[in-house]
Amino acid sequence: MHCEKGNDLNIKKLQRTIFSGLGLQVLKIFVNMFLRVIFIRELGTQILGINSLFTNVITLISITELGMGGAITAYLYKPLAEQKYDEVSILMEIYKRVYRGISLSILLIGGIVAIFIPHFVTGYNGNLNLRLLFLLFVLNSSMSYLTAYRNAIITADRRGYIANLVYNITFVIQSILQYLALVTLQNYVIYLVISIFATLLQNSILNIIAVRDYNQIFVRKLKPSKNDYQSILDYVKPMMLYMLSGVVNNGTDNIIISKFLGVSVVGMYANYVIVVSALQSILQTVFSSMTAFVGREFYVDKNEGERIFRMINFIALWVTFLIAGGLLLFFNSFISWWVGRSMVLSSATVWVIVGNFILIGISQPLIVFREATGSFVHNQFKPVWSTVINIATSLVLVRFFGISGVLFGTIVARITTYFWNDPMVLYQKYFYKPVKQYFMAVIAMFGSFTGYVSIWHFAISPWIPNGRMSLLQLLVCGILYLVTFNIYSFVIFGRTVEVRKIKSLLNKKYQKGCD
């Protein structure tokens, strides 16, 4: 069994999980960017748009999962920490039954949606069988749930670095095969079949590891009682609504864009999404890796919760605004160099894309503590309101502002729900302190960010003709921006409690390494 004790060991596991996850995301960034260029060259923008659209539709169909996986994983923290293996075994049996039901549901719902899928694709004039393509997406999603339930125990036991290693290996294999399929066959169907193969390989490897390392749990095969199901359901229901809202908010944009503006616009937007999603994934990897650690620490000493949150939140604000400034200043220049000038969206659209990125980035610590503490039980219908506001606003604004209007609907939904309510619940119900200090920290960092980006923009823009940059200019400006932003921010925030605490932890880490 891998239920080891000791704070140093816990920190090491956390570090391994974070750095292995970062390695995976960095690898994905470069490989996906390379494959995207090959994809556009060999298959075209319309197929790229279809690929993005079908991915979003599958994400919506997969809402039958409704956050069960994340909720049950969070539910595993306590019994694993207390070594209550009978309880863990019962949870895994529930997990198995639920996921097999989800797999079947996706097959059935996906089969029905496939009948109508051509009606969602506007502006496509090729001869590919859209229903067949979509069914391949459905099959891949459905098969991913058959054995995935066993992977959760690896993550819950703070061994996410093992799962990340497997993801890295299978991702590299998938990418190589898909590259060969694109350049030699120019065949989108084979490209999708390779994805299905990679999913099966990934889950098979993780399944073998889970059964081998946690055999003591899986051999028990205890049957859940009605009370077991009910306790899980009571815990999961609030998180289901959060997951549902997240899926709908992120998944409906491409559907609306495709219906009103055409699949080619979806393809152009997809290039921005791949970059932003990669950056969001890095942030989510770092912070979600802390959930199991924070969850266990919170059970042990709740007084430490607010101190840990303030430090994590400060890091999230700093990193989020650092990345956001780079996107505002260089995004379109990068897209122009990467996939061509014809793929560049308007500056207004970039501002809206970056606005969404900021709201998602600064919410990461709140999500970690929401899942670690179970605070999602409060204001359970907030996600529903967020979804309604998002769809309604997007449908209205798309007629006046095009793609910018669709994406701005998501900003409106986040600000009017999650942005103010999540920190309020956390501070009032768990920290028992006024929430204004959270918003003061956000306002301070936002003001600093706005001032610096404005200075940089007016200083550098006269030297860039038509906003275009060569690769060398992008690299030089990017490095200069990173260095100067951090110096500027350190001058402003260097004396804060959070920075002093981070410096203290780094000094201890360095001294310990020297010893």
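Our subject is the structure that appears above.
Thresholds, definitions, all that
- Residues numbered from 1 in each chain as written.
- Predicted model: local features only at pLDDT ≥ 70, side-chain atom pairs only at ≥ 80, totals over all residues.
- Heavy atoms only, no water.
- Helix = DSSP H or I, 4+ residues; strand = E, 2+ residues; numbered from the N terminus.
- Buried < 20%, exposed > 50% of the residue type's maximum accessible area, 1.4 Å probe, protein only.
- Contact = heavy atoms within 4.5 Å.
- Areas by Shrake-Rupley, 256 points an atom, 1.4 Å probe, with all protein chains shown as cover.
- Salt bridge = Lys/Arg side-chain N within 4 Å of Asp/Glu carboxyl O.
- Core = buried A, V, L, I, M, F, W, Y, C linked by side-chain atoms within 4.5 Å.
- Axes fitted to C-alpha atoms, helices over the stretch in contact; angles between N-to-C directions.
- Parallel < 35°, antiparallel > 145°, perpendicular 65-115°, else oblique.
- Left-handed = near helix turned anticlockwise from the far one by under 90°.
- Nonpolar A, V, L, I, M, F, W, Y, C, P; charged D, E, K, R; others polar.

1. Looking at the overall build of the chain
Point 1. Each helix and strand counted, the chain has 21 helices and zero strands in total.
Point 2. Relative to its full complement of 515 residues, the chain shows a buried share of 54%.
Point 3. A separation of at least 24 residues holds for 85% of the contacts in the chain among residues at least 6 apart in sequence.
Point 4. Counting only carbon and sulfur atoms, one obtains 66% of the accessible surface of the chain, whose full area is about 23,800 Å².

2. With respect to the pattern of salt bridges
Point 1. Here the structure, examined in full by the defined rule, presents six salt bridges.
Point 2. A salt bridge links Glu93 to Arg97; the nearest nitrogen and oxygen atoms lie 3.0 Å apart. Taken together, the residues Glu93 and Arg97, both in helix 4 (residues 85–116) and four residues apart, mark about one turn of the helix.
Point 3. Judged by its relative accessible area of 39%, Arg97 falls in the partly exposed class.
Point 4. Through salt bridges that share partners, Glu93, Lys96 and Arg97 make up one connected network.

3. So, the nonpolar core
Point 1. Of all hydrophobic cores here, the largest spans 146 residues; its most connected members are Phe54 and Phe134.
Point 2. Of the residues forming this core, the biggest block, 20 residues, is contributed by helix 13 (residues 305–339).
Point 3. Aside from chain neighbours lying at most four places away, what touches Phe54 is Ile117, Val121, Leu130, Leu133, Phe134 and Phe137.

4. Observations concerning the packing of helix 13 against helix 19 (residues 436–460)
Point 1. Close contact between helix 13 and helix 19 brings their axes to 10 Å; oriented N to C, the two are set at 25°. Taken together, the axes of helix 13 and helix 19 are roughly parallel relative to one another. Regarding helix 13 and helix 19, the two cross each other, and that crossing is right-handed.
Point 2. Among the residues forming the contact of helix 13 with helix 19, the class breakdown is 17 nonpolar, four polar and two charged.

So, to be careful, I would describe these as geometric facts and stop short of saying anything about function.
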